[in-house]
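Below, each chain spelled out in residue letters.
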Amino acid sequence: MGTTSHAAGHAVFETVLGFMGIAWSEAGLMRLCLPERNRDTVERRLLRHPGVAASGEQPRWVVELIASIKAYAAGEDVDFSGVPVDLAGVDDFRLAIYDAARKLGYGETTTYGELAKRAGHAGLPRETGAALGANPVPLVIPCHRILAAGGKIGGFSAPGGSATKEKMLAMEGVRVGPPPAAQASFGF
C-alpha cells in the first residue's frame, strides 16, 4: 500500500497551556503529548515512539482535532469521544479500561476502583491505575478524570504530574481536595 505515507503523521502546535503534540496513523490517533514549554521537547517525545511518522498531510479529522485541543486548552467544554484512536498492540484489559474512561464526559470524574468495575474488572484499582499511566492518548482517553479513593488526586504520568491533572480538572470545574480555608470557616 503506497498510500500510507499520507495517512500517518505527527504535528506539534501551540495552545494557551503550552506546546502539545499528536501522532496519527491510518486507523486513528496514536499519541497525544500534554503541554510542555518547549516545541522541541514535544517533538522528541513523539518521535521516541516507534511507528510515529514524519509530519504528513493532515487528514480533516486531525485538523479538527487540533482545533478542538486548542479550544479545550482555552477552557472550552470539548467532547473527544468521537476521535478515532489507534490502540494497536494494547492488551484487552487496557482496552476495556480505556473504553470505560472514554465514557466520562467533561468535568465528570470517577475513581480507579469504580472505573475498573465499569470496565468489567472489579477489584483491580491498582492495575487500572497502571493501565491509565500507560495511556498513549491522554485527554482523548481522559485519564485525568480518574481519581484515587476518598477524592484524592491520584497519580498522573504526564509532564507536571498530579499538578497538571489538578489543573486540567480545575479547568473542567472539578475541585479536588478540601475546600479553601475561607469557606471552611463559616461555622453555621
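Structure: above.
Residues numbered from 1 in each chain as written. Predicted model: local features only at pLDDT ≥ 70, side-chain atom pairs only at ≥ 80, totals over all residues. Heavy atoms only, no water.

**Q** Tell me about the overall build of the protein chain, and name the residues and values.
**A** Helix and strand content of the protein chain: eight helices and five strands. Here the C-alpha atoms of the protein chain give a radius of gyration of 17 Å, agreeing with the 16 Å that 2.2 N^0.38 yields for 188 residues. Principal axes of the C-alpha set define a box for the protein chain whose edges measure 70 × 35 × 25 Å. Looking at the protein chain as shown, the accessible area adds up to about 9,800 Å², and 53% of this sits on carbon and sulfur atoms. For the protein chain, the centre of its 19 positive side-chain charges and the centre of its 19 negative side-chain charges are spaced 7 Å apart. (Helix = DSSP H or I, 4+ residues; strand = E, 2+ residues; numbered from the N terminus. Rg over C-alpha atoms; globule rule 2.2 N^0.38 Å. Areas by Shrake-Rupley, 256 points an atom, 1.4 Å probe, with all protein chains shown as cover. Lys, Arg positive; Asp, Glu negative; His and termini not counted. Charge placed at Lys NZ, Arg CZ, Asp CG, Glu CD.)

**Q** Break down the nonpolar core for me, with residues and values.
**A** Grouped together as the largest cluster of nonpolar side chains are 40 residues, with contacts concentrated most on Ile22, Leu32, Ile69, Phe80, Leu132 and Leu139. At the level of elements, β1 (9–15), β2 (18–24), β3 (29–36), α3 (60–73), α4 (92–102), α5 (112–118) and α6 (125–133) are the ones that each hand at least two residues to this core. No other element matches α3, which puts six residues into this core. Not counting residues up to four positions away in its chain, the partners in contact with Leu139 are Met20, Leu32, Leu34, Ile69, Tyr72, Phe80, His144 and Met168. By size, the runner-up hydrophobic cluster in this structure holds eight residues, among which are Val12, Met30, Cys33 and Val42. (Core = buried A, V, L, I, M, F, W, Y, C linked by side-chain atoms within 4.5 Å. Buried < 20%, exposed > 50% of the residue type's maximum accessible area, 1.4 Å probe, protein only. Contact = heavy atoms within 4.5 Å.)

**Q** Before we move on, can you summarise the sheet that holds β2 with the specific residues and values?
**A** Here we have three strands laid out as an open sheet, ordered β1-β2-β3, and antiparallel in their pairing. Each having just a single partner strand, β1 and β3 make up the two edges of the open sheet. Averaged over all adjacent pairs, the angle separating strand axes in this sheet is 15 degrees, with direction ignored. Inspection of the sheet shows β2 paired to β3 by five bridges, in the antiparallel sense. Looking at the pairing, Ile22 lines up with Leu32 of β3. Running at roughly 155 degrees to β1, helix α2 (residues 39–47) makes contact with β1, β2 and β3 of the sheet. (Pairing = 2+ DSSP bridges. Axes fitted to C-alpha atoms, helices over the stretch in contact; angles between N-to-C directions.)

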